[in-house]
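Okay, here's what each chain looks like letter by letter:
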Amino acid sequence: MTEQIAEIAAHVRAVSGDKRAASPDRLLTTREAAHLLNVSTRTLQRMRSEQRIGYVVLRGKCRYRQSEIDRLLDESTVNEDAATPQELKRNHTLRTGGNPKGRRT
């Protein structure tokens, strides 16, 4: 009897894990997204206006997909072990905020 309960419990865990993996992205509120990005809600609004971050509107309120927050963080993260010239250039651009002034590239 105990073995059967253990088998059922293992099956329930496996099925519930599959549902979590197959479920769509979690939608975050403006406050949650701003907290994860460590910016103000006004900055998040500015990022929306500049189309730097994707969002959806549900019942008149903006929501942000977790995958969109992760994408933005990945794009904005400096890679400390950059090996290729492209990665070095990307790191430089992220650290300095863009191309150096006075130069045309």
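The name given to the chain in an unreviewed UniProt entry is DNA-binding protein, with the source organism recorded as Bacteroides faecalis.

## Some thoughts on helix 2 (residues 30–37)
Residues of helix 2 that are buried: Ala33, Ala34 and Leu37. Viewed end-on, helix 2 has its buried residues packed into an arc of 100°, placing them on one side of the element. Turned more than 90 degrees from where helix 2 packs its buried face, Arg31 and His35 sit exposed. Tucked inside the fold, the buried residues of helix 2 contact strand 1 (27–28), helix 3 (41–49), strand 3 (61–65) and helix 4 (66–75).

## What about the environment of Leu27?
With respect to the helices, strands and loops of the structure, Leu27 is situated in strand 1. Taking relative accessible area as the criterion, Leu27 reaches 32% and is therefore assigned partly exposed. Considered as a pair, Leu27 and Ser67 are 40 residues apart in the sequence and their alpha carbons are 9.2 Å apart. In this structure, Leu27 is in contact with Glu32, Val56, Leu58, Arg63, Tyr64 and Arg65, ignoring residues within four places of it in sequence.

## Brief notes about the packing of helix 2 against helix 4
Running from N to C, helix 2 and helix 4 point in directions that differ by 25°, and their axes come no closer than 11 Å. By the angle class used here, helix 2 and helix 4 are roughly parallel. Here helix 2 runs over helix 4; the crossing is right-handed. Each of Ala33, Leu36 and Leu37 in helix 2 lies in contact with helix 4, whose residues at this interface are Gln66, Ile69, Leu72 and Leu73.

## Overview of the pattern of salt bridges
The final tally for this structure, using the stated rule, is four salt bridges. Of the charged contacts, one joins Arg52 and Glu50 as a salt bridge, the two residues approaching to 3.3 Å between their closest N and O atoms. Put simply, Glu75 and Arg71 hold a salt bridge, and the shortest N to O gap is 2.8 Å. Residue Glu75 and its partner Arg71 are located together in helix 4, separated by four residues, close to a single helical turn. A single salt-bridge network, built from bridges that share partners, covers Glu68, Arg71 and Glu75.

Conventions and cut-offs
Residues numbered from 1 in each chain as written. Predicted model: local features only at pLDDT ≥ 70, side-chain atom pairs only at ≥ 80, totals over all residues. Heavy atoms only, no water. Buried < 20%, exposed > 50% of the residue type's maximum accessible area, 1.4 Å probe, protein only. Helix = DSSP H or I, 4+ residues; strand = E, 2+ residues; numbered from the N terminus. Arc of directions from axis to C-beta. Contact = heavy atoms within 4.5 Å. Axes fitted to C-alpha atoms, helices over the stretch in contact; angles between N-to-C directions. Parallel < 35°, antiparallel > 145°, perpendicular 65-115°, else oblique. Left-handed = near helix turned anticlockwise from the far one by under 90°. Salt bridge = Lys/Arg side-chain N within 4 Å of Asp/Glu carboxyl O.

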